[in-house]
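Descriptive structure summary
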Amino acid sequence: MGVPHISNRSERQSKGWSRRGLLGVLGAVPAAAVLTGCGGGAADASDGKTPTTNTTSTTSARVAGKKTVIAVTPADGTKKAAFTSPVEVTVTDGALTSVKVTGNDGSTLTGSFDDTRTGWTSTQNPYSGTMYTVAAKADDGAGKTATFTTRSPGETFVGHFTPEANSTSGVGMPVSVNFTHAVTNKAAVEKAITVTAEPAVEVVGHWFGDTRLDFRPETYWAAGTTITLGLRLKDVEGTDDVYGIQSKDVTFHIGREQISTVDLATKRMTVRRAGATVATYPVSGGDADHTTWSGIMVISERFKQTRMESSTVGLGDEYDIADVPHAQRLTTSGTFVHGNYWASASVFGSENTSHGCVGLHDAKGANDSSVDGYKFYESSMLGDVVIVKNSGEDTVDPANGLNGWNLSWQDWKAGSAL
């Protein structure tokens, strides 16, 4: 079967996908995924050092009668200051004792003094579209307060992520980030995104084209793992004059381990949990003219019922089934494991007759709990692994769905920009 036109009865979790296409932006993302956040440093920018008293210091070299002058960059009153450079404070005929930079969003920029305490530089750049107040003091009691506002970026991008925040997935679920604008500064963007796991494991990013960055460990996640995605994309330049706007952390969870293996030579699917076989189902795969992709695939969408049309996958008007039961997507290009009520029960386990999907015996209406399609659907979750072998087809492209597990660890790491 191919990519369906999703009916209103589907338990849709993201948008439909095109035949043998790359994974696109995964649909509308909850508003929380695109809210800008606030970064912040320590509350006090002073490093606590006392002014130097050697003969080369500015303090000792102060000329009698000269007034201490404190200067701030960006200058006081600037309305569209750059947010791509640090804040700087300098003093002549004196030494700085403290500098504090506070944004109207509540954030504070930390910084450091030079050896003579005649200069201070923020350790990070100011955020875009923010008003800052700088309060600086010198050793003779002189002080200066300056205010400036950084410009807003002209064009922006966000990263839509999978899985959903606070969701629980199977052990094969990668963390996939899809960007709304092509990224050319891949190293800068990848550096601004972190994926950490508990229990700890090495996690590496891999770029699929210019708009998709996936993260995974060397082997499947351990059952019960907690994963944290850190997005620090705000004001990161993804490409020329296009900046990110996100600064947030998102947590995901990994549930139990379920790995199902479909052998299209024997026409059987074996379902294993934590290494133990829990079910075996007779199946029917793609016929000789419509072979099923082989390789490691991950369930990326689930529908209790959905419509499948052959025209959406380039097969003309060969079929149009409005209520395919228990459909679970394996590839972008339209491979599903799903229930089948229109074929004779004798087909399953004996013939491969589909247009490329893996079918299980099912009942019309998707409510019969006694049939295999219902049972497998109820036992599954997003992120579960389905391995297809002996299909007569090539291994699925790793970018065709969430199927990066088909790359060796060495090849996966080679796709990182860091």
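Residues numbered from 1 in each chain as written. Predicted model: local features only at pLDDT ≥ 70, side-chain atom pairs only at ≥ 80, totals over all residues. Heavy atoms only, no water.

1. Points about the overall build of the protein
Each helix and strand in the protein was counted, giving 3 helices and 28 strands. Within the protein, buried positions represent 51% of all 418 residues. At a minimum sequence separation of 6, the contacts of the protein that also span at least 24 residues come to 67%. Total accessible area computed for the protein in this model is approximately 17700 Å², and 49% of it derives from carbon and sulfur atoms. (Helix = DSSP H or I, 4+ residues; strand = E, 2+ residues; numbered from the N terminus. Buried < 20%, exposed > 50% of the residue type's maximum accessible area, 1.4 Å probe, protein only. Contact = heavy atoms within 4.5 Å. Areas by Shrake-Rupley, 256 points an atom, 1.4 Å probe, with all protein chains shown as cover.)

2. What about the side chain of Arg329?
Examined against the element boundaries, Arg329 turns out to sit in strand β25 (residues 320-329). In terms of polar contacts, Arg329 uses its side chain to reach the side chain of Glu301, at 2.4 Å. A polar atom in the side chain of Arg329 sits 3.2 Å from the backbone oxygen of Thr331. (Polar contact = N/O pair within 3.5 Å; in protein donor to acceptor, adjacent residues only side chain to side chain.)

3. Observations concerning empty space enclosed by the protein
All chains considered together, the criterion is met by 1 cavity of 30 Å³ or more. In this model, the largest cavity occupies a volume close to 30 Å³. Around the largest cavity, the lining residues are His326, Gln328, Val337, His338, Gly339, Leu360, Gly373, Phe376 and Tyr377. Of all elements in the fold, only β25, β26 (336-340) and α2 (372-379) reach the threshold of two or more residues within the lining of the largest cavity. (1 Å grid on protein atoms, 1.4 Å probe; cavity = no way out; pocket = protein on both sides within 12 Å on 5 of 7 lines; lining within 4 Å. Points joined across faces, edges and corners; volume = space filled by probe spheres on them.)

4. With respect to the sheet that holds β26
The strands making up a sheet are joined through hydrogen bonds of the backbone, oriented either antiparallel or parallel. Reading across from one edge, β24-β25-β26-β27 is the order of the 4 strands in this open sheet, with mixed pairing throughout. Edge positions in the open sheet fall to β24 (301-309) and β27 (358-361), since each of these has one partner strand only. Strand-to-strand twist across the sheet, computed as the mean angle between neighbouring axes with direction ignored, equals 35°. As judged from the 7 bridges shared by β24 and β25, these two strands associate in the antiparallel manner. Among the inter-strand pairings, Arg302 is bridged to a residue of β25, identified as Gln328. (Pairing = 2+ DSSP bridges. Axes fitted to C-alpha atoms, helices over the stretch in contact; angles between N-to-C directions.)

5. Side note on the environment of Val396
For Val396, the location among the structural elements is in the loop between β28 (385-389) and α3 (409-414). Other than its neighbours up to four places away in sequence, Val396 contacts Trp293, Ser294, Ile296, Met297, Thr331, Asn403 and Asn406.

6. Regarding the pairing of strand β10 (residues 159-162)
On β10, burial covers both faces: Gly159 and Phe161 on one face and His160 and Thr162 on the other are all buried. Of the pairings in the sheet, the one linking β10 to strand β12 (residues 175-179) comprises 4 bridges and is antiparallel in character. Opposite Thr162, over in β12, you have Ser176 as the bridge partner.

7. Digging into the packing of aromatic side chains
Overall, the coordinates contain 10 aromatic pairs when judged by the stated rule. Between Tyr281 and Phe376 the ring centres are 6.2 Å apart and the planes differ by 70°, which places this aromatic pair in the edge-to-face class. Note that Tyr281 is positioned in strand β22 (residues 276-282) and Phe376 in helix α2, a separation of 95 residues in sequence. For the residue pair Tyr281 and Phe376, the accessibility class agrees, reading buried in each case. Aromatic pair Phe303 and Phe336: ring centres 6.5 Å apart, planes at 45°, arrangement tilted. Here Phe336 lies in strand β26 and Phe303 lies in strand β24, a separation of 33 residues in the sequence. Judged by relative accessible area, which is 0%, Phe336 ranks as buried. Among the aromatic residues, ring-to-ring pairing joins Phe157, Phe179 and Trp207 into one connected group. Directly above the aromatic system of Tyr377 lies the positively charged group of Arg302, at a separation of 4.0 Å from the ring centroid. (Phe/Tyr/Trp six-rings, centres within 6.5 Å; stacked < 30°, edge-to-face > 60°. Lys NZ or Arg CZ within 6 Å of the ring centre and 35° of its normal.)

8. Concerning the pattern of salt bridges
Taken as a whole, this structure holds 9 salt bridges when the rule is applied. Taking the shortest distance from any N to any O, the salt bridge between Lys364 and Asp323 comes out at 2.7 Å. On the criterion of sequence distance, the pair formed by Lys364 in the loop between β27 and α2 and Asp323 in strand β25 is long-range, its members being 41 residues apart. On the basis of relative accessible area, Lys364 is assigned to the exposed category, the value being 58%. (Salt bridge = Lys/Arg side-chain N within 4 Å of Asp/Glu carboxyl O.)

9. Brief notes about the nonpolar core
The biggest cluster of nonpolar side chains holds 26 residues, and the ones touching the most others in it are Phe179, Val189, Ile193, Val195, Leu229 and Leu233. Listing elements by their share of this core, those giving two or more residues are β12, β13 (193-198), β15 (212-216), β16 (226-232) and β19 (247-254). When sequence neighbours within four positions are dropped, the list of residues in contact with Leu233 reads Phe157, Gly159, Phe179, Val189, Ala192, Ile193, Gly244, Ile245 and Gln246. Leu109, Ala136, Ala138 and Phe148 belong to the second largest nonpolar core, which has 19 residues in total. (Core = buried A, V, L, I, M, F, W, Y, C linked by side-chain atoms within 4.5 Å.)

10. Quick word on α2
Restricting attention to buried positions, one finds in α2 the residues Asp372, Gly373, Phe376, Tyr377 and Ser379. Around the axis of α2, the buried residues are gathered within 165° of arc, so they sit on the same side. (Arc of directions from axis to C-beta.)

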